[in-house]
Structure formats: structure tokens, C-alpha cells
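Residue strings, one per chain:
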Amino acid sequence: MEIIKKGVFITDFYGSVSAEGAESVLKKWIDDKQSAALLSWAEKVAKKGQTAFDTLTEILSILHRDDTGSPVIGNWMFRKCLITTGETIFNALKDKSHPKRALIPMGITLVEPLLINLTRKGKLITNPEGVKTYTVTTKKASFFKAYEFVKAGAEFEVKIYVDDELLKEEHVNTLLEKCGSIGVGSFRERFGKFKFIV
């Protein structure tokens, strides 16, 4: 089964990629290990001097981009949203008509395109629309976290392929009706919520 849907974000959509790339994280880990082994205490303190840009890079989560630099939703993110929704709302143990949990990821076979463009009033969104910063507190520490975002009202179009031998049409319709409340991207409990308009 092939389904084409157009959606609109009802909340802001936040980035989920670390601005400090994997290579940078690895280099920092190696540098820290070398510093711990080789530098004196005074040298370690001096070496830790960071610029504001260094700190921002460490705490910033950015939006995925296509090859032109425009923010996008990855198809893997959207597929994960659908799978998480199905695993949350269906319970085959209590209701035998529901699909089994293990069948849901196999039933949602593909989401296209690979990089889902965001538009506003028919025009491609080519840049993030801002950065928001929050204080995060855990049991061990408090720290700042920053997110690039695109404002609510951004639209997107997806093509979803479903194996209709594994998921009944009624279950697919329920899944599509509810998936916007699960949302996509970072900070999903508050952001990345959407609704389908077509």
C-alpha cells in the first residue's frame, strides 16, 4: 500500500544532530585522555580555556540538512515516529485484532523521500528560523542545551509504503491519525508535533 500525506507542524520542529560532529567528539576524547596522562595540573587548567563558540558547538543540536544546506526531516525519523506510534497504541495481548508489536516495524516498509523538505506557504525553507536554549537538570548535574528550530506552520509531504499483509487498513488509518501526537525530531515530548492536512 502506498500512501501520500501532506502535514503541517503545529509546534516548532527542533534539530537533533550534534553540532559537534562525531570526528570532533572523538578528537576531544583523545585530547582529554592525552591531557590527563601527560599534562601537569596547571597545564590542564590552562588547556580547558574555551571560547563561547566552542561551548555553543558542544551544546547545540542542529537540524538535518540536504546538500543545499536546507533543513529537512530524515525519512528514518519519520519512519521511527510511525513505528513508535504503532508500538504505543496497539496491544495485541489485550486486543487480538491489533497487530503484534514485532510486526509494526516490518509493516512500515519505507518512507520517501530520503530527505523530506520543509516549506512555508509553498516556498522551501532554506535556513533554520532560530535557536532556543534551555537549562536541563538531571540527578547528577544541570547544564545548558540549545536547539536550532523551524517555527510551527512548516509543511512537508511524505510517501509511506505499508505492507498490507502485516497491517490492516484500519490500523494504518489509526496510526496516521495518531502519529502527529508522538512527533518527530528532538525534544518530542514538547516539540515536533504535526497533523496531516491531506
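Above this text sits the structure in question.
A short tour of the structure in this document, coming up. Only a predicted model underlies this, so the values are computations on that prediction, with no experimental measurement involved.

This next bit is on helix α4 (residues 75–89). The first and last C-alpha atoms of α4 sit 21 Å apart over 15 residues, in line with the 21 Å expected at 1.5 Å per residue. The complete set of buried residues in α4 reads N75, M77, F78, C81, L82, I83, T84, T85 and G86.

This brings us to helix α6 (residues 169–182). For α6, with 14 residues, the first-to-last C-alpha span of 20 Å sits near the 20 Å given by 1.5 Å per residue. Roughly 30° is the biggest bend found in α6, and it falls at L176. Of the residues making up α6, those classed as buried are H171, V172, L175, L176, C179 and G180. Next to the buried residues of α6 lie β1 (2–9), α4, β7 (108–112), β13 (155–162) and β14 (194–196). Just downstream of α6 lies G183, where phi reads positive at about 85°.

Taken as a whole, this structure holds 5 salt bridges when the rule is applied. The partner of K132 in a salt bridge is D12, and the shortest N-O contact between them spans 3.0 Å. On the criterion of sequence distance, the pair formed by K132 in strand β11 (residues 130–137) and D12 in the loop between β1 and β2 (13–14) is long-range, its members being 120 residues apart. Under the relative-accessibility criterion, K132 is labelled partly exposed at 30%. Linking E129 and R120 is a salt bridge whose minimum nitrogen-to-oxygen distance equals 2.7 Å. The exposure class assigned to E129 is partly exposed, which follows from its relative accessible area of 27%. The exposure class assigned to R120 is partly exposed, which follows from its relative accessible area of 24%.

Turning our eyes to something else, we now look at the sheet that holds strand β6 (residues 71–74). Picture the strands of a sheet paired through backbone hydrogen bonds; they go either parallel or antiparallel. Read across the open sheet, the 3 strands follow the order β5-β6-β8; overall the sheet is antiparallel. Of all the strands in the sheet, the pair left with one neighbour each is β5 (64–65) and β8 (115–117). Together, β5, β6 and β8 form the strand contacts of α4, whose direction differs from that of β6 by roughly 45°.

The pairing of β1 with β13 spans 7 bridges and is antiparallel. In the sheet register, E2 faces β13, and the bridge partner there is Y161.

The subject of this paragraph is the side chain of D12. Given a relative accessible area of 13%, D12 falls into the buried group. In terms of polar contacts, D12 uses its side chain to reach the side chain of K132, at 3.0 Å. Leave out the neighbours within four places in its chain, and D12 touches K132, F149, V150, K151, A152, F191 and G192.

Another point: a negative patch on the surface. Taken together, the side chains of D164, E165, E169 and E170 present a region of like negative charge at the surface. Among the structural elements, E169 can be located in helix α6. The exposure class assigned to E169 is exposed, which follows from its relative accessible area of 55%.

Cut-offs used in this document
Residues numbered from 1 in each chain as written. Predicted model: local features only at pLDDT ≥ 70, side-chain atom pairs only at ≥ 80, totals over all residues. Heavy atoms only, no water. Helix = DSSP H or I, 4+ residues; strand = E, 2+ residues; numbered from the N terminus. Expected span 1.5 Å × (residues − 1). Buried < 20%, exposed > 50% of the residue type's maximum accessible area, 1.4 Å probe, protein only. Bend = angle between axes of the 7 residues up to and from the residue. Contact = heavy atoms within 4.5 Å. Salt bridge = Lys/Arg side-chain N within 4 Å of Asp/Glu carboxyl O. Pairing = 2+ DSSP bridges. Axes fitted to C-alpha atoms, helices over the stretch in contact; angles between N-to-C directions. Polar contact = N/O pair within 3.5 Å; in protein donor to acceptor, adjacent residues only side chain to side chain. Patch = residues over 30% accessible without salt bridge, like charges linked within 9 Å, V, L, I, M, F, W, Y side chains within 5 Å. Areas by Shrake-Rupley, 256 points an atom, 1.4 Å probe, with all protein chains shown as cover. Lys, Arg positive; Asp, Glu negative; His and termini not counted. Charge placed at Lys NZ, Arg CZ, Asp CG, Glu CD.

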